[in-house]
Amino acid sequence: MPTISLCMIVKNEEMHIARCLESVAKLVDEIIIVDTGSTDRTAEIASGYTTKVYSHPWTDDFSDARNYSFSKAAMDYCMWMDADDILEEIEADKFLQLKQSLSQDVDIVMMKYHTSFDEAGKPSFTYFRERWIRNSAQYRWVGAVHEVIPPAGRIIYSDIAISHRKMNGGDPDRNLNIYRKMLREGKLLDPRQQYYYGRELYYHKQYEEAAAVLEQFLLLEEGWIENKIEACSVCANCYYHQGQDQAAINALLRSMSFDLPRAELCCEIGKHFLARGNYHTAAYWYETALGRPKDGQLNGFILPDCYDYIPLLQLCVCFDKMGDRKKAEEYNERAGACKPYSKAYLYNKKYFDSLKI
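To keep things clear, this report deals only with the structure shown in the data block.

Definitions and cut-offs
Residues numbered from 1 in each chain as written. Predicted model: local features only at pLDDT ≥ 70, side-chain atom pairs only at ≥ 80, totals over all residues. Heavy atoms only, no water. Helix = DSSP H or I, 4+ residues; strand = E, 2+ residues; numbered from the N terminus. Rg over C-alpha atoms; globule rule 2.2 N^0.38 Å. Buried < 20%, exposed > 50% of the residue type's maximum accessible area, 1.4 Å probe, protein only. Contact = heavy atoms within 4.5 Å. Areas by Shrake-Rupley, 256 points an atom, 1.4 Å probe, with all protein chains shown as cover. Pairing = 2+ DSSP bridges. Axes fitted to C-alpha atoms, helices over the stretch in contact; angles between N-to-C directions. Parallel < 35°, antiparallel > 145°, perpendicular 65-115°, else oblique. Left-handed = near helix turned anticlockwise from the far one by under 90°. Nonpolar A, V, L, I, M, F, W, Y, C, P; charged D, E, K, R; others polar. Phe/Tyr/Trp six-rings, centres within 6.5 Å; stacked < 30°, edge-to-face > 60°. Lys NZ or Arg CZ within 6 Å of the ring centre and 35° of its normal.

Side note on the overall build of the protein chain
Secondary structure summary: the protein chain contains 14 helices and eight strands in total. Expected size for 357 residues packed as a compact globule is a radius of gyration near 21 Å; at 23 Å, the protein chain falls within 12% of this value. Considered along the principal axes of its C-alpha atoms, the protein chain spans approximately 70 × 45 × 40 Å. A burial count over the protein chain gives 48% of its 357 residues as buried. The contacts in the protein chain between residues at least 6 apart in sequence include a share of 66% that link residues at least 24 apart. For the protein chain, the accessible surface area stands at approximately 17,100 Å², while carbon and sulfur atoms represent 51% of it.

In structure tokens, the structure reads:
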């Protein structure tokens, strides 16, 4: 059975770190904590779980800190988590089963990363990340922000999930400031970093600059397809905020020049036409979203609701607007089967019931 070193970089995480370590400490063989300058009790709390707590200067480079944590690992695989991540109790058995059955020739294990949740606590935003990485100099982090280990060797995908459960807000300007510093220093952003830089600009409502950066990224031959598809969506939102609706729909449709339609983009296109009263066209795109396989792609950002709940709910609206109340109610009931606690579903149900009185 392979051994695993949990490698974490932390700073001022006294609120989160015990919860994280409690969730996984009994499942791994070694815990490495690299503190990058805490002024609270983070290191003290971590010391209750491991003697391997190290200090490392913060250099505005996440890869530098993560690679330092990997350099301290002695086990077969390195596993990373952030302090505000947890392994839910329901995932523990699957974790152990995978550990016991893992083939010796596996280099990287990809696991689901749940980073957003709905009102019932179900994941509403998910994507895969490299989670167990063979302890070898071949596998090292790159990228000062949104760091990644370039995929290589034999990679497998697991349905085990790590959940991101942040209890307080961090510095919202940190990532953008790092990118700005890199550019001031004359450093070139690789395609992946350029994509994330554009997203940071968008989050900071710098829509014109964000669109320009992302449009430049889309012209590059390099870059992951999933990043390019997502960049089309972000560009569209930038254009909407600038009142450029035609440019927005063009950006959404452009996403299909890179690969087959994603349900997330189909829902965005449907939303565009629904907002303009073009219900037949909107319904077409929501029905297309329903037909897209949720597990058809593994490397992009996945909004699970876009594959069932959202298009079903919006088809209810479309058919109601087109005067087909029976079909509209059927779609609402299907949406309710996905989320019986949904306020939108319950509101619609009350509306349809009132029509029968």
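After that view of the structure, there is still more to cover.
A word on the pairing of strand β2 (residues 30–35)
In terms of residue burial, β2 counts as a mostly covered element, since six of its six residues are buried. Taking every second residue as pointing to the same face, both faces of β2 are buried, with Glu30, Ile32 and Val34 on one and Ile31, Ile33 and Asp35 on the other. For strand β1 (residues 4–10) and β2, the ladder comprises six bridges, and the chain directions are parallel. Across the sheet, residue Val10 finds its bridge partner in β2, namely Asp35.

Details of the packing of helix α9 (residues 245–254) against helix α10 (residues 263–275)
Here α9 crosses α10 at 155°, and the two axes come no closer than 10 Å. Our classification of the angle between α9 and α10 gives roughly antiparallel. Regarding α9 and α10, the two cross each other, and that crossing is left-handed. In this structure, α9 uses Asp245, Ile249, Leu252 and Leu253 to contact α10, whose residues at the interface are Leu265, Glu268, Ile269, His272 and Phe273. Looking at the contact of α9 with α10, its residues break down into six nonpolar, one polar and two charged.

Looking at the packing of aromatic side chains
As enumerated under the stated definition, the model contains 18 aromatic pairs in all. With a centroid separation of 5.9 Å and 85° between ring planes, the pair formed by Trp80 and Tyr113 is classed as edge-to-face. Of this pair, Trp80 sits in strand β4 (residues 77–80) while Tyr113 sits in strand β6 (residues 108–117), placing them 33 residues apart in sequence. As far as the burial class goes, Trp80 and Tyr113 line up, both buried. An angle of 70° between the planes, with centres 5.7 Å apart, marks the rings of Tyr113 and Tyr127 as edge-to-face. With Tyr113 in strand β6 and Tyr127 in strand β7 (residues 123–134), this pair connects stretches of sequence that are 14 residues apart. A cation sits over an aromatic face here: Arg66 above Trp141, 5.4 Å from the ring centre. Between Arg131 and the ring centre of Tyr113, over which it is positioned, the NZ or CZ distance is 4.8 Å.

Coordinates in, geometry out; function isn't part of it.
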